[in-house]
Amino acid sequence: MKAGYCSVIILFCLGLYTIVAYRNLIKIIIGINIMESSLILLLIIGGYRPQGAAPIITRPFEKVVDPLPQALALTSIVIGASITALMLFLVIKLNKEYGTLNIDEIRRLRG
Amino acid sequence: MRKGYIVVLILILATLLMINLVPVLSNFNNLNSLATSSQHYIEHGIEETGSINLVTSILLDYRGFDTLGETIVIFIVVSTITVLAVPNLGYRNDNICSPIVKQSISMIIPFLYLLGFYLIAYGHLSPGGGFTGGVLIAITFILLAVIFGVGYIKAEARRELISRSLIENLAALGFVISGMVGIAAGYNFLSSGQLGLSFGSPGNLVSGGLIPIFNLMIGIKIGAGMSVIFSHLIKEE
């Protein structure tokens, strides 16, 4: 389990680095998506129980993984997809307006 | 120079998080008992909601408000994109793909539709549900647009887009109205298990009260909404 949590933290820090270090809007969106995936992974791993069955009860069971984080992960996946669509659309608009994707140049043009 | 500072800071953050957070979180995994709400969902979920897929029963019965909020988020995104986008409807790319790709995609598309509606219809019995099936239906629209191009004449294209947006809005309205059934029967909004109308025994296709209807509405809404988003993005020149 510890390896899973470590990979969550590594993915989160990679996404944070991508957001902070790069100036390209597309790369920033990719970083936001990496961070979001790491948090979904955290939800799924947090609900896991060793030797637990899937939360679809078709036969008698001994132990079931926690179904609540999975429902929350589904929520966050859907919202993340729609937020990504909105961000990409705004990037298209910005690129059409300024002709660049670099956030420094976009800020400079506006004064 | 600047990137070097950032790398050092992120590394410090990562080590701090690993030292402090990982032992706490992995203790959490070895607990024998779940939280009381999860325990309740696992023990009483089937008899209270009639759906053997516990994730669906949480998503559409116990926490129906969450799902309503989700659909509202997608609704807002679709509305924003449709208001802000300037659709350039004369777009056409016919000869990008070879005939092999076109033939194989046109053979796959009916099965994708079937899989999408299967996932929606069996959402309370197996993995899947309205969101997954809706995304699959939207994928068929996206495949058609990418492979065969989106060359319509203007009026026809606009009519088609408007009809898809209308389908999305009607499905959202249908979701809210089928949630109102709970109020009409004297229970909470968006409740299906409390009504006591599980039409069949758990595990059958017709079971689970209002959950299949919610799944159908969400599936139609997600499919129409995602395809509207994609059409506006691809037609925005």
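Data block above holds the structure.
Residues numbered from 1 in each chain as written. Chains lettered and ligands numbered in written order. Predicted model: local features only at pLDDT ≥ 70, side-chain atom pairs only at ≥ 80, totals over all residues. Heavy atoms only, no water.

Next up on the list: the overall build of chain A. In terms of regular secondary structure, chain A is built from 4 helices and 0 strands. Sequence-ordered secondary structure for chain A, helices as α and strands as β, is α-α-α-α. Whereas a compact globule of 111 residues would reach a radius of gyration of roughly 13 Å, chain A reaches 19 Å, over 25% beyond that. Taking the principal axes of the C-alpha coordinates as reference, chain A spans close to 65 × 25 × 15 Å. Looking at chain A residue by residue over its 111 residues, the buried ones come to 37%. Excluding contacts between residues fewer than 6 apart, the proportion of contacts in chain A whose partners are at least 24 apart in sequence is 52%. Measuring between centres, the 11 positive side-chain charges of chain A sit 2 Å from its 6 negative side-chain charges. (Helix = DSSP H or I, 4+ residues; strand = E, 2+ residues; numbered from the N terminus. Rg over C-alpha atoms; globule rule 2.2 N^0.38 Å. Buried < 20%, exposed > 50% of the residue type's maximum accessible area, 1.4 Å probe, protein only. Contact = heavy atoms within 4.5 Å. Lys, Arg positive; Asp, Glu negative; His and termini not counted. Charge placed at Lys NZ, Arg CZ, Asp CG, Glu CD.)

Quick look at the interface of chain B and chain A now. Across the boundary between the two partners, chain B contributes 48 residues, which contact 45 residues of chain A. With both chains or domains summed, chain B and chain A bury close to 4,200 Å², and 76% of this area falls on carbon and sulfur atoms. There are 0 salt bridges connecting chain B and chain A. The interface formed by chain B and chain A includes 6 residue pairs in polar contact (both at pLDDT 80 or more). Looking at the side of chain B that touches chain A, the elements that each hand over two or more residues are α1 (2-29), α2 (36-49), α3 (54-62), α4 (64-84) and α8 (211-235) of chain B. In terms of residue class, the side of chain B that touches chain A is made up of 33 nonpolar, 8 polar and 7 charged. (Buried area = accessible area lost by both parts, 1.4 Å probe. Salt bridge = Lys/Arg side-chain N within 4 Å of Asp/Glu carboxyl O. Polar contact = N/O pair within 3.5 Å; in protein donor to acceptor, adjacent residues only side chain to side chain. Nonpolar A, V, L, I, M, F, W, Y, C, P; charged D, E, K, R; others polar.)

Right, let's talk about unusual backbone geometry for a bit. Positive phi, normally seen in glycine, also occurs at A:Gln51, with a value near 60°. Tracing the backbone through its elements, the reader meets A:Gln51 in the loop between α2 (25-46) and α3 (67-98).

Turning to α3(A), a few remarks are in order. Helix length check: α3(A), at 32 residues, gives a terminal C-alpha distance of 46 Å against a target of 46 Å (1.5 Å per residue), a fit within 8%. Positioned one or two residues after α3(A), A:Gly99 has a phi angle of 75°, which is positive. (Expected span 1.5 Å × (residues − 1).)

Below, the discussion takes up the packing of aromatic side chains. All names here are of chain B. Applying the stated criterion across every chain, the model contains 5 aromatic pairs over all chains. Here Phe65 and Phe189 contribute two aromatic rings whose centre-to-centre distance is 5.7 Å and whose plane-to-plane angle is 55°, an arrangement assigned as tilted. Separated by 124 residues along the polypeptide, Phe65 in helix α4 and Phe189 in the loop between α7 (154-184) and α8 bring together distant segments of the chain. We classify Phe65 as exposed; its relative accessible area is 55%. (Phe/Tyr/Trp six-rings, centres within 6.5 Å; stacked < 30°, edge-to-face > 60°.)

On to the side chain of B:Ser57, then. Residues and elements named next belong to chain B. As for its position among the elements, Ser57 is in helix α3. For Ser57, a relative accessible area of 1% translates into the label buried. Setting aside its immediate chain neighbours within four residues, Ser57 contacts Thr49, Ser51, Tyr62 and Ile211.

Secondary-structure assignment places B:Ser126 in the loop between α5 (99-121) and α6 (130-148). Filtering out sequence-adjacent residues up to four positions away, B:Ser126 remains in contact with A:Ile56, B:Asn53 and B:Tyr118.

This paragraph deals with the state of the cysteines. Following the criterion strictly, the structure yields 0 disulfides over all chains and no others. Looking at A:Cys6, it has no disulfide partner, and the nearest cysteine sulfur is the one in A:Cys13, 11 Å off. (Disulfide = S-S within 2.5 Å.)

So, on to the packing of α5(B) against α6(B). Residue and element names in this part refer to chain B. Put simply, α5 and α6 touch, their axes get as near as 8 Å, and they point 165° apart. Here α6 runs roughly antiparallel to α5, going by the angle between their axes. Considering how the two elements wind past one another, α5 and α6 form a crossing that is left-handed. Residues Val101, Lys102, Ile105, Ser106, Ile109, Leu112, Tyr113, Leu115, Gly116, Phe117, Leu119 and Ile120 of α5 touch α6, and the partners they reach there are Gly130, Thr132, Gly133, Gly134, Leu136, Ile137, Thr140, Phe141, Leu143, Leu144, Ile147 and Phe148. Of the residues belonging to the contact of α5 with α6, the class tally is 16 nonpolar, 7 polar and 1 charged. (Axes fitted to C-alpha atoms, helices over the stretch in contact; angles between N-to-C directions. Parallel < 35°, antiparallel > 145°, perpendicular 65-115°, else oblique. Left-handed = near helix turned anticlockwise from the far one by under 90°.)

On to α5(B). Residue and element names in this part refer to chain B. An ideal rise of 1.5 Å per residue puts 33 Å on 23 residues; α5 measures up with 34 Å between its terminal C-alpha atoms. For α5, the principal kink sits at Ile109 and spans about 25°; a proline, Pro110, occurs within the next four residues. All of the buried residues in α5 are Ile105, Ile109, Leu112, Gly116, Leu119 and Ile120. (Bend = angle between axes of the 7 residues up to and from the residue.)

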